[in-house]
Amino acid sequence: MKPSFFKTRAHLLVCTSEKCASKGSRILFQTLWNALERERLAYYSGGHVRLTEAGCLGACQFGPNATFYRQLEPGNLEEGWYYGMDFPKMLNLARVLNDGNKLPIENRFDQ
Ligand code: FES
């Protein structure tokens, strides 16, 4: 039997490196972590999202920054990069990733 880690649909990463941290990303990360547990979005609580801290994502002036990758179909890995994130935007992104829905375009680097 595989550990539940491998049932993760999406991996969401929040930069908690120095410059994003100075804009509140460490508090954002912890608050989001608590929300994922509360809403059962975290992979270990019945959801499909794995949340981890990330080092610098290379766009410090736009932080707090986040990225994700997810696989909705075998062999089709999707990724996205977001800037200027706050708690409501991060929670919305986590819900979308958990449910396999269309990604928000607001604050997305590549849109
Ligand atoms: S410190 Fe977050 S992107 Fe560089």
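It should be noted that the structure appears before, not after, this text.
In this report, we go over the structure that sits alongside the text. It should be emphasised that the depicted structure is a prediction, and the values quoted were computed from it without experimental measurement.

## Some thoughts on the environment of alanine 21
Mapped onto the fold, alanine 21 is located in helix H1 (residues 18-21). C-alpha separation for the pair alanine 21 and leucine 41, spaced 20 residues apart in sequence, amounts to 24 Å. When near neighbours in sequence (up to four residues on either side) are disregarded, alanine 21 contacts Thr16 and Arg26.

## Section: the nonpolar core
Ranked by size, the top nonpolar core spans 23 residues in total, and within it Leu12, Leu32, Leu36, Met90 and Leu97 carry the most contacts. Broken down by secondary-structure element, the contributors of at least two residues to this core are strand S1 (10-15), helix H2 (25-38), strand S2 (49-54), strand S3 (66-73) and helix H3 (87-99). The dominant element in this core, judged by the number of residues it contributes, is H3, at six residues. Filtering out sequence-adjacent residues up to four positions away, leucine 32 remains in contact with Leu12, Val14, Leu51, Phe87, Met90 and Leu91.

## Description of the side chain of arginine 108
Structurally, arginine 108 is set in the segment after H3. The buried category is assigned to arginine 108, whose relative accessible area is 11%. Side-chain polar atoms of arginine 108 contact the backbone oxygen of glutamate 79, separated by 3.1 Å. Beyond its immediate chain neighbours, meaning those up to four positions away, arginine 108 contacts Glu79, Gly80, Trp81, Tyr82, Tyr83 and Leu103.

## So, the pairing of strand S4 (residues 76-82)
Pairing of S3 with S4 involves seven bridges; the strand directions are antiparallel. In the strand pairing of S4, glutamine 71 is matched with leucine 77. Hairpin remark: S3 followed by S4, antiparallel, with two residues in the connecting loop; positive phi at glycine 75, about 80°.

## Describing the pattern of salt bridges
Pairs can form between side chains of opposite charge once their charged atoms are near each other. Counting across every chain of the model gives two salt bridges. Note that glutamate 39 and arginine 95 form a salt bridge whose closest N and O atoms lie 2.7 Å from each other. Residue glutamate 39 is found in the loop between H2 and S2, and its partner arginine 95 is found in helix H3; the two are separated by 56 residues along the sequence. Classification of arginine 95 by relative accessible area gives partly exposed; the value is 35%.

## Here's the deal with the side chain of threonine 52
Take threonine 52: it is sitting in strand S2. Among the residues examined, threonine 52 registers a relative accessible area of 18% and is labelled buried.

## Remarks on a nonpolar patch on the surface
A contiguous nonpolar patch, built from Phe62, Trp81, Tyr83 and Phe109 and spanning about 350 Å² of accessible area, is present on the exposed surface. Mapping phenylalanine 62 onto the fold places it in the loop between S2 and S3. Residue classification places phenylalanine 62 among the partly exposed positions, given a relative accessible area of 41%.

How each quantity is defined
Residues numbered from 1 in each chain as written. Predicted model: local features only at pLDDT ≥ 70, side-chain atom pairs only at ≥ 80, totals over all residues. Heavy atoms only, no water. Helix = DSSP H or I, 4+ residues; strand = E, 2+ residues; numbered from the N terminus. Contact = heavy atoms within 4.5 Å. Core = buried A, V, L, I, M, F, W, Y, C linked by side-chain atoms within 4.5 Å. Buried < 20%, exposed > 50% of the residue type's maximum accessible area, 1.4 Å probe, protein only. Polar contact = N/O pair within 3.5 Å; in protein donor to acceptor, adjacent residues only side chain to side chain. Pairing = 2+ DSSP bridges. Salt bridge = Lys/Arg side-chain N within 4 Å of Asp/Glu carboxyl O. Patch = residues over 30% accessible without salt bridge, like charges linked within 9 Å, V, L, I, M, F, W, Y side chains within 5 Å. Areas by Shrake-Rupley, 256 points an atom, 1.4 Å probe, with all protein chains shown as cover.

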